[in-house]
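Descriptive analysis of the structure
Here are the chains, one letter per residue:
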Amino acid sequence: MRTLAVVGRVLEGFDGSGQPIWHDGMVVEEGRVAYLGPHPEERAGPGAEVVEVGEGVVLPGFTDSHAHLASLGLALRTLDLRGVRSIRELKRRVAEKAGELGPGEWVVGRGWDQELFEEGRWPTRWDLDEAAPGNPVVLVRVCGHAAVANTLALSLAGITDSTPDPPGGSIERAGGRVTGVLKEAAVQLVLSAARRGGVEELVREAERAMLSSGVTCVHAMSVDREELEALRNLARSGKLKLRVRAYLDPEAPEPKPESWGTLKVVGLKVIADGSFGARTAALREPYSDDPGNAGVLLADRGALSRLLEKAGRAGLQLAVHAIGDRALEEVLAAAKASGARLRVEHASLAPPDLLDELAELGLWVSAQPRFVVSDWWIISRLGRERARWAYPFKSFLERGISLSFSSDAPVEPCNPFEGVYAAVARGSLEGLEIAELTAREALTPAEAIRCYTETAPKLLGERLGRLSAGYPADFVIVDRDPLSAPAKELRNVRVLATYVGGELAIRSN
Ligand SMILES: [Zn+2]
């Protein structure tokens, strides 16, 4: 393995009081940080590869502590068909994508609306067969409740003229023949076939996006059997450069810790409530804009205790999705009863009594700073008084709660600088009311970057997220110093190159 002499400013990490530790260079040997300080070329000796950082800086690689790889891959691959004006144009776009992907690959699109089509009719399987005869194609309507698939896609999903309608869905027919138009539950038949077809490709697509955003490790959530199989294959064959820590579906048969190269199975993930957007996050008091509704609790303390026990027996961590304060209460009660530590995913609404308890029980929180900007309607959902405790990042840190940052991609873009920006600006540059209401929860760029690098590896007891001597050389070269950049510039920080274990994983041009 080549020795690297990294010439330029290097952020090792942060000291105990959160101050950044800078160096004038770094030497990497055998994939690990060997030296930090001036004149790395001299230290590294002849034969070392010199990496010039130039005007930019080197940062520790980011860990995205909550993302969905296969879904991100699917979202990245999906053809955006919003605003398409005719079936002719639809066909052209499908043919283009099929050419780009190559024969046999699934073409998945979303966003078409037949109301806009100049032909004045719905598209059919025969339209799509003309556009891409050698590719399975499925295009979901703008509403998500209908889709059209071509003949190859229908046959891969096992749909023939004699297939009965699935419960809660319909397979449209004309003169007894399937037209390719699917409604409600029938849409899923073809989408699951699309996912089965190429999970490995989807994971690789997501990996490319993560690496080019500066992410060197992902905590992959809700990994199902197919995604795990794809990750295993990629890790075993040495193709997976991104470090992946997998949290499996709780229904996974006989889950256990496993590890292959860059991949480790470390936990189970369960969902305790819904989301604010859908008004399904479980609240102590009803929604301010829907007085009869306090959301949906999907797992109570009893169910969570049993899962904690199951995870503990298997030697795995438990990660629990809890967005509303009511759901968080149940998580805290379960953790208290069992005395086990667990991760809370989101913890989006955490009033002071629950913050105190989180700190006391030493639970880990994985939060998504970009939600602050995306959930621009949060004050109408929660009312001003409660919304004060939405996404209380500074309060987490002040209480010594382990707070790691993540994207929940594809829900939010996987670029960590979007998250850093949102944690620092909190919607102030978008003019959101929440920015003012929760101004004291804003973080500094250093605090936000620390939550995105150092914290998540710690909760797995891993030596990652810093560039101290002996640590794996997972690092990114960015075009400017984000610690001194003004808030509005943070989202424009560009990643020039990403290294994992001292190897160049991706370079952007
Ligand atoms: Zn998620």
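Residues numbered from 1 in each chain as written. Predicted model: local features only at pLDDT ≥ 70, side-chain atom pairs only at ≥ 80, totals over all residues. Heavy atoms only, no water.

Of the regular secondary structure elements, the protein chain holds 18 helices and 22 strands. Taking 23 Å as the expected radius of gyration for a compact globule of 509 residues, we find that the protein chain reaches 24 Å, a close match to that expectation. Taking the principal axes of the C-alpha coordinates as reference, the protein chain spans close to 75 × 60 × 50 Å. Residue burial in the protein chain is summarised as follows: out of 509 residues, 58% are buried. Sequence separation of at least 24 residues holds for 69% of the intrachain contacts in the protein chain that already meet a minimum separation of 6. (Helix = DSSP H or I, 4+ residues; strand = E, 2+ residues; numbered from the N terminus. Rg over C-alpha atoms; globule rule 2.2 N^0.38 Å. Buried < 20%, exposed > 50% of the residue type's maximum accessible area, 1.4 Å probe, protein only. Contact = heavy atoms within 4.5 Å.)

So, about the coordination of the zinc ion. Each donor-metal-donor angle in an ideal tetrahedron of four donors is 109.5 degrees, and each such angle in an ideal octahedron of six donors is either 90 or 180 degrees. Looking at the zinc ion, one finds its protein donor set to be His66 (NE2), His68 (NE2) and Asp408 (OD), positioned 2.1 to 2.2 Å from the metal centre. We note that the donor set of the zinc ion lies within a single chain, spaced as H-x1-H-x339-D. Residue His68 is located in the loop between β5 (62–67) and α2 (69–77), and its partner Asp408 is located in the loop between β19 (402–405) and α15 (416–425); the two are separated by 340 residues in the primary sequence. Neither His68 nor Asp408 differs from the other in exposure class; each is buried. (Donors = N, O, S within 2.8 Å, 3.2 Å for Na, K, Ca; no water.)

Our focus in this paragraph is the state of the cysteines. According to the stated counting rule, one finds zero disulfides in the structure shown. The cysteine Cys217 is free of any disulfide, with Cys414 supplying the nearest cysteine sulfur at 14 Å. (Disulfide = S-S within 2.5 Å.)

So, on to the pattern of salt bridges. Close approach of charged atoms allows side chains of opposite charge to pair. The full count for this structure, using the stated rule, is 46 salt bridges. The shortest N-O distance in the salt bridge between Glu229 and Arg232 comes to 3.1 Å. One end of the pair is Glu229 and the other is Arg232, both in helix α8 (residues 225–236) and three residues apart, which spans about a single turn. On the accessibility criterion, Glu229 (35% relative accessible area) is partly exposed. Taking the shortest distance from any N to any O, the salt bridge between Glu447 and Lys394 comes out at 2.9 Å. Within this pair, whereas Glu447 is found in helix α17 (residues 445–453), its partner Lys394 is found in helix α14 (residues 393–398), the two being separated by 53 residues in sequence. Glu447 gets classed as partly exposed once you look at its relative accessible area, which sits at 22%. Accessibility expressed as a relative area gives 19% for Lys394, which makes it buried. (Salt bridge = Lys/Arg side-chain N within 4 Å of Asp/Glu carboxyl O.)

The sheet built from seven strands is open, its strands ordered β3-β2-β1-β4-β20-β21-β22 with mixed pairing. Of all the strands in the sheet, the pair left with one neighbour each is β3 (32–36) and β22 (503–507). Taking the axes of each pair of neighbouring strands and ignoring which way they run, one obtains an average angle of 40° across the sheet. The pairing of strand β4 (residues 49–60) with strand β20 (residues 475–478) spans four bridges and is antiparallel. Paired with Val57 across the strands is Val478, a residue of β20. (Pairing = 2+ DSSP bridges. Axes fitted to C-alpha atoms, helices over the stretch in contact; angles between N-to-C directions.)

End to end, helix α7 (residues 199–212) covers 20 Å across 14 residues, agreeing with the expected 20 Å (1.5 Å per residue, within 8%). Gly214 sits one or two positions beyond α7 and adopts a positive phi of about 95°. (Expected span 1.5 Å × (residues − 1).)

With that settled, the discussion passes to the sheet that holds strand β11 (residues 177–184). Strand order in the open sheet made by the six strands is β6-β7-β8-β9-β11-β10, with mixed pairing throughout. Each edge of the sheet is formed by a strand with only one pairing partner; in this case those strands are β6 (79–80) and β10 (169–174). Inspection of the sheet shows strand β8 (residues 137–141) paired to strand β9 (residues 146–149) by three bridges, in the antiparallel sense. Residue pairing across strands places Leu139 opposite Val148, the latter belonging to β9. Running over the sheet, helix α3 (residues 87–101) touches β6, β7 (107–112) and β8 and is turned about 150° from β7.

Bringing the environment of Arg399 into the picture now. Relative to the assigned elements, Arg399 resides in the loop between α14 and β19. Here the alpha-carbon distance between Arg399 and Ala359, two residues 40 residues apart in the chain, equals 6.2 Å. Once residues lying within four places of it in the same chain are set aside, the contact partners of Arg399 are Pro352, Leu355, Asp356 and Ala359.

Turning our attention to the packing of helix α10 (residues 325–338) against helix α11 (residues 352–361). Where α10 contacts α11, the axes come no closer than 11 Å and their chain directions differ by 30°. Relative to α11, α10 is oriented roughly parallel. Of the two elements, α10 crosses α11, and the hand of that crossing is left-handed. On the side of α10, the interface is formed by Asp325, Leu328, Glu329, Leu332, Ala335 and Lys336, while α11 contributes Leu354, Glu357, Leu358 and Leu361. (Parallel < 35°, antiparallel > 145°, perpendicular 65-115°, else oblique. Left-handed = near helix turned anticlockwise from the far one by under 90°.)

Turning our attention to unusual backbone geometry. In the segment running from Ala409 into Pro410, the intervening peptide bond is cis, with an omega of 10°. Looking at where Pro410 falls in the secondary structure, it is placed in the loop between β19 and α15. Although it is not a glycine, His346 adopts a positive phi angle of roughly 85°. Topologically, His346 is positioned in strand β17 (residues 343–346). Here the phi dihedral of Tyr391 falls at roughly 50°; this positive angle occurs in a residue that is not glycine. Topologically, Tyr391 is positioned in the loop between α13 (378–387) and α14.

With that settled, the discussion passes to the nonpolar core. Core analysis: the largest hydrophobic core is formed by 109 residues, its most contacted members being Met210, Phe276, Phe396 and Phe405. In this structure, Val138, Leu154, Val178 and Ala193 belong to the second largest nonpolar core, which totals 18 residues. (Core = buried A, V, L, I, M, F, W, Y, C linked by side-chain atoms within 4.5 Å.)

Take Glu207: it is sitting in helix α7. Of the side chains with opposite charge, Arg204 comes closest to the buried, unpaired Glu207, at an N-O distance of 4.2 Å. (Lys, Arg positive; Asp, Glu negative; His and termini not counted.)

Before going further, it helps to spend a moment on the domain arrangement of the protein chain. Entries for the protein chain in the domain assignment read domain 1 (1–61 + 465–509), domain 2 (69–197) and domain 3 (272–463). Look at where the C-alpha atoms of domain 1 and domain 3 centre, and you get two points 31 Å apart. The interface is formed by 23 residues belonging to domain 1 together with 18 residues belonging to domain 3. The largest per-residue losses of area from domain 1 upon contact with domain 3 belong to Phe14, Leu490 and Arg491, which jointly make up 37% of the total buried on that side. Between domain 1 and domain 3 we count three salt bridges in total. Between Arg491 and Glu430 there is a salt bridge whose closest N-O contact spans 3.9 Å. Where domain 1 meets domain 3, there are three residue pairs in polar contact (both at pLDDT 80 or more). Looking at the side of domain 1 that touches domain 3 residue by residue, the class counts come to 14 nonpolar, five polar and four charged. (Domains from an automatic or database assignment. Buried area = accessible area lost by both parts, 1.4 Å probe. Polar contact = N/O pair within 3.5 Å; in protein donor to acceptor, adjacent residues only side chain to side chain. Nonpolar A, V, L, I, M, F, W, Y, C, P; charged D, E, K, R; others polar.)

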